[in-house]
Amino acid sequence: QVQLVESGGGSVQAGGSLTLSCEISGDTGRDWYLAWFRQTPGNEREGVALMSPFSSYTRWYAASVRGRFTISKDNAKNTLYLSMNDLKPDDSAMYYCAADLQNYGMAPGYDYWGQGTQVTVSS
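Cut-offs used in this document
Residues numbered from 1 in each chain as written. Predicted model: local features only at pLDDT ≥ 70, side-chain atom pairs only at ≥ 80, totals over all residues. Heavy atoms only, no water. Helix = DSSP H or I, 4+ residues; strand = E, 2+ residues; numbered from the N terminus. Buried < 20%, exposed > 50% of the residue type's maximum accessible area, 1.4 Å probe, protein only. Contact = heavy atoms within 4.5 Å. Pairing = 2+ DSSP bridges. Axes fitted to C-alpha atoms, helices over the stretch in contact; angles between N-to-C directions. Polar contact = N/O pair within 3.5 Å; in protein donor to acceptor, adjacent residues only side chain to side chain.

1. Considerations on unusual backbone geometry
1) Next: In this structure, Asn78 is a non-glycine residue whose phi angle is positive, near 50 degrees.
2) Next: Position of Asn78 relative to the elements: it lies in the loop between strand S7 (69-74) and strand S8 (79-84).
3) Next: Its relative accessible area of 24% is what places Asn78 among the partly exposed residues.

2. Regarding the environment of Ser83
1) Next: Mapped onto the fold, Ser83 is located in strand S8.
2) Next: Apart from the residues lying within four places of it in its own chain, the contact partners of Ser83 are Leu18, Thr19, Arg68, Phe69 and Thr70.

3. Details of the sheet that holds S7
1) Next: The strand order S1-S3-S8-S7 describes an open sheet built from four strands, whose pairing is antiparallel. Lying at the two open borders of the sheet, with one neighbouring strand each, are strand S1 (2-7) and S7. Across the sheet, the axes of successive neighbouring strands diverge by a mean angle of 20 degrees, strand direction being ignored.

4. Some points on the side chain of Thr117
1) Next: By secondary structure assignment, the location of Thr117 is in strand S11 (residues 117-122).
2) Next: Overall, Thr117 belongs to the buried group, its relative accessible area being 10%.
3) Next: Separated by 3.0 Å, the side chain of Thr117 and the backbone nitrogen of Gly9 make a polar contact.
4) Next: Leave out the neighbours within four places in its chain, and Thr117 touches Glu6, Ser7, Gly8, Gly9, Leu20, Ala93, Met94 and Tyr95.

Take a look at the structure:
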């Protein structure tokens, strides 16, 4: 199992940038699928970006963030990142990182979750 701790959220104006971090601890030596999700009150958790441990860390992005967000990982620091550029008010949400040994894609079926970090984008 792994433990996930997000950080880096905050308030920013539209058009600005933020980078979220997710520190991964525990059984980090396994091939974990890693993902970022977001959720607003009353709505389901939405997949934002996914990184596969195979095929040179293949990445997938939700259409709403493609070209603006980048998922990456620093293996030496066991940290997953989400770089967010050109932020829009619709990007405001609680952001979570998630991990699983199975590929759930953008579906929230992951076994391991962080506690979340809030992102607020003002217009």
